[in-house]
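# Structural features, examined
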Amino acid sequence: MKAHIAVLPGDGIGPEVTAEAVRALRALEKRHGHTFTLTELPFGGAAIDLTGNPLPEPTLETCLRADAVLLGAIGGPKWSAPEAKVRPEQGLLGLRRALGVYANLRPVKVHPALLGASSLKSEVLQGVDLIFVRELTGGIYFGEKRREADSATDVCTYTVAEIERIVRCAARLAQQRRRKLVSIDKSNVLETSRLWRQVTSRVMREEFPDVSLEHMLVDAAAMHLIRRPRDFDVLVTENMFGDILTDEASMLAGSLGLLPSASLGEGTRGLYEPIHGSAPDIAGRGIANPYGTLLSAALLLRHSLGLTAEADALEAAVSAAISAGALTPDVAGAAAAGAVSTREAAEAVLARL
Ligand code: NAD
């Protein structure tokens, strides 16, 4: 098949990990006889340095024409001064909104070889296989923001239509899995959460009677996620709760560097990125974990290009590389002395493709 993929390496370790995902896509392209056009574009802090804009017009236009977008990470101390008017994050929010990707999927699976890499006990982690569905284009991150001399305001708004579409997305996923949906809110305090709970109950009752639904308050969810993570199948929540809980859930897997994400809208076009940031503390040292980005490329192959066999092959190769002990320092733990570099970890995957 022919496909056009926009590649946005971004900042910090972003270019280091996307380079490895590009090599994996090239290897799959060759092996399976596809033609992938990969266009690399400036984005985030790197684009601010070049053009003054974190999401330059040509970058946005190319992303809108592409079949999928693969992103590394953006941001860093250089662009983070509190008084800065232009920030890399504005580029990311703008891109998500322009692409209309309202559903952020974050699978968390604990690899048996990495049970020791998490700070939780391995008996709690065995068999964990859950997926978060985070609403991505609404809520407090997109509401009106105001600053007065001695106060500041962020407005949180959700519409019925925004809640319905994200709940349907999560429920469809649950139908392909263990048919268990947990919806997370703060309905004892927030009006948006009371609407969220009401709409979720109705959509699930009317359209997905085959999926069990449990409502959970966000504070309780934060606790249950580390107390009994195996019990969860699909979790759906609003933008900010999802942002926070998915970082917590990533620790089940051992490192932020291991986890992929897919952001999807109505069509097949999607935005794929590892869940970690630009990790300025390790940027340029060649030790970043590339697996989260490689697994994001696998999600891209599956969800945007419909290439299931290729996606399965890439995921199996990453899993086999981890089993073989190709671990970067963030997950190598006590064996950190024997840890591999970003390139060596990616080579271990390519060798198994
Ligand atoms: P971060 O995810 O960049 O790093 C947190 C910790 O995890 C660091 O110790 C880092 O070294 C480690 N880490 C992250 N990814 C890793 C990988 N692949 N391999 C090994 N270790 C890894 O979060 P932060 O430090 O809070 O933020 C740094 C910058 O990234 C900030 O400017 C922030 O705004 C930005 N950020 C961007 C995104 C994004 O691009 N989507 C997401 C989160 C944070």
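Residues numbered from 1 in each chain as written. Predicted model: local features only at pLDDT ≥ 70, side-chain atom pairs only at ≥ 80, totals over all residues. Heavy atoms only, no water.

## Observations concerning the sheet that holds strand β9 (residues 212–217)
Which entries qualify depends on this criterion: A pair of strands counts as paired when DSSP detects no fewer than two bridges linking them. Working definition: helices are DSSP H or I runs of at least four residues, strands are E runs of at least two. Numbering for both runs from the N terminus. For helices, the axis comes from a line fit to the C-alpha atoms of the stretch in contact; other axes are also lines fit to C-alpha atoms, and the angle between any two N-to-C directions lies between 0 and 180 degrees. Two residues qualify as a contact provided that any one of their heavy atoms is within 4.5 Å of a heavy atom in the partner residue.
The strand order across the open sheet built from ten strands is β2-β1-β3-β12-β11-β4-β5-β10-β8-β9, with neighbouring strands paired in mixed fashion. Both outer strands of the open sheet, β2 (35–40) and β9, are each paired with one neighbouring strand and no more. With direction set aside, neighbouring strand axes in the sheet form an average angle of 20°. Sheet topology note: the strand β1 (residues 2–10)/strand β3 (residues 68–73) ladder contains five bridges and is parallel. Bridge pairing links L8 to L71 in β3. Sitting on the sheet, helix α4 (residues 88–99) is in contact with β1, β3, β5 (129–135) and β12 (270–274), with an inclination near 145° to β12. Those strands touched by helix α8 (residues 218–227) are β5, β8 (180–185) and β9, and its axis lies near 105° from that of β9.

## Notes on the domain arrangement of the protein
Keep this limit in mind: Segmentation into domains, and thus their bounds, comes from an automatic or database assignment. When two parts are brought into contact, each loses some accessible area as probed by a 1.4 Å sphere; the total of that loss over both is the buried area. A side-chain nitrogen of Lys or Arg and a carboxyl oxygen of Asp or Glu constitute a salt bridge if their distance falls within 4 Å.
When its domains are assigned, the protein resolves into domain 1 (1–114 + 265–353) and domain 2 (119–253). Relative to domain 2, the C-alpha centre of domain 1 lies at a distance of 24 Å. At the interface, 16 residues of domain 1 touch 23 residues of domain 2. Together domain 1 and domain 2 conceal approximately 1,900 Å² of surface at their shared face, both sides included; 62% is due to carbon and sulfur atoms. For domain 1, the biggest contributors to the area lost against domain 2 are Y102, R106 and V108; these three give 35% of the whole. Viewed at the interface, domain 2 and domain 1 are joined by zero salt bridges.

## Concerning the site of the ligand
What counts is decided by this rule: Being near a molecule or strand, for a residue, means having at least one of its heavy atoms within 4 Å of it. Here a polar contact is recorded for every N or O atom pair within 3.5 Å, except that within protein the pair must consist of a potential hydrogen donor and a potential acceptor, and residues adjacent in sequence are included only if both atoms are side-chain atoms. Computed with a 1.4 Å probe, the accessible areas rest on the Shrake-Rupley method; for each residue, only the protein chains presented here act as cover. Throughout, the ten residues Ala, Val, Leu, Ile, Met, Phe, Trp, Tyr, Cys and Pro are labelled nonpolar, Asp, Glu, Lys and Arg are labelled charged, and all others, Gly among them, are labelled polar.
Contacts to the ligand come from 20 residues, most closely from I74, G277, A279, D281 and N289. Interatomic distance of 3.3 Å between a side-chain N/O atom of E273 and a nitrogen atom of the ligand. Residue D281 places a side-chain N or O atom 2.8 Å away from an oxygen atom belonging to the ligand. Considered on its own, the ligand offers 810 Å² of accessible surface; in the complex 68% of this is hidden by protein. In terms of residue class, the shell around the ligand is made up of nine nonpolar, seven polar and four charged.

## Quick look at helix α7 (residues 191–207)
As a reminder of what qualifies: To estimate how far a helix should extend, the number of its residues minus one is multiplied by 1.5 Å. Buried, partly exposed and exposed residues are distinguished by accessible area as a fraction of the type maximum, computed with a 1.4 Å probe on protein chains only: under 20%, between the cut-offs, and over 50%, respectively. This arc describes the spread of directions from the helix axis toward the C-beta atoms.
Between its terminal C-alpha atoms α7 stretches 24 Å, which fits the 24 Å expected from 17 residues at 1.5 Å a residue. Those residues of α7 that sit buried are T192, S193, W196, V199, T200, V203 and M204. With its buried residues spanning 130° around the axis, α7 presents them on a single face. Those residues of α7 that are exposed and aimed more than 90 degrees away from the buried face are E191, Q198, R205 and E206. Looking at the buried residues of α7, the elements they touch are β5, α6 (160–175), β8, β9, β10 (234–237) and α9 (239–253).

## Comments concerning the packing of aromatic side chains
Filter applied, for reference: Two aromatic rings from Phe, Tyr or Trp, using only the six-membered ring of Trp, form a pair when their centres are within 6.5 Å; if the ring planes differ by under 30 degrees the pair is stacked, by over 60 it is edge-to-face, and anything between is tilted. For a lysine, the NZ atom is tested; for an arginine, the CZ atom; a charge sits over a ring if that atom is within 6 Å of the ring centre and within 35 degrees of the ring normal.
Applying the stated rule across the entire model yields one aromatic pair. For the ring pair Y158 and W196, a centre distance of 5.5 Å and an interplane angle of 75° mean the geometry is edge-to-face. Remark: W196 occurs in helix α7 and Y158 occurs in the loop between β7 (151–154) and α6; sequence separation between them is 38 residues. The same class applies to Y158 and to W196, which are both buried. The side chain of R165 reaches across the aromatic face of Y102, ending 4.0 Å from its centre.

## Thoughts on the pairing of β5
Burial runs high along β5: six of the seven residues are buried. Bridge count between strand β4 (residues 103–109) and β5: seven bridges; the pairing is antiparallel. Its bridge partner lying in β5, A103 is registered against E135. Across four bridges, β5 lies against β10 in parallel orientation. Residue pairing for β10: V133 is matched across the bridge by V236.

## Things to note about the packing of α6 against α7
To keep it simple, the criterion reads: In what follows, roughly perpendicular refers to angles from 65 to 115 degrees, roughly parallel to angles under 35, roughly antiparallel to angles over 145, and oblique to any angle outside these ranges. By convention the crossing between two helices is left-handed if the near helix lies anticlockwise of the far one by an angle smaller than a right angle, and right-handed if it lies clockwise.
Interaxial distance between α6 and α7 falls to 9 Å at its minimum, and their mutual angle equals 50°. Between α6 and α7, the angle is such that the two are oblique. In this structure, α6 meets α7 at a crossing whose hand is right-handed. Judged by residue contacts, V160, I163, E164, I166, V167, R168 and A171 of α6 engage L195, W196, V199, T200, R202, V203, M204 and E207 from α7. In terms of residue class, the contact of α6 with α7 is built from ten nonpolar, one polar and four charged.

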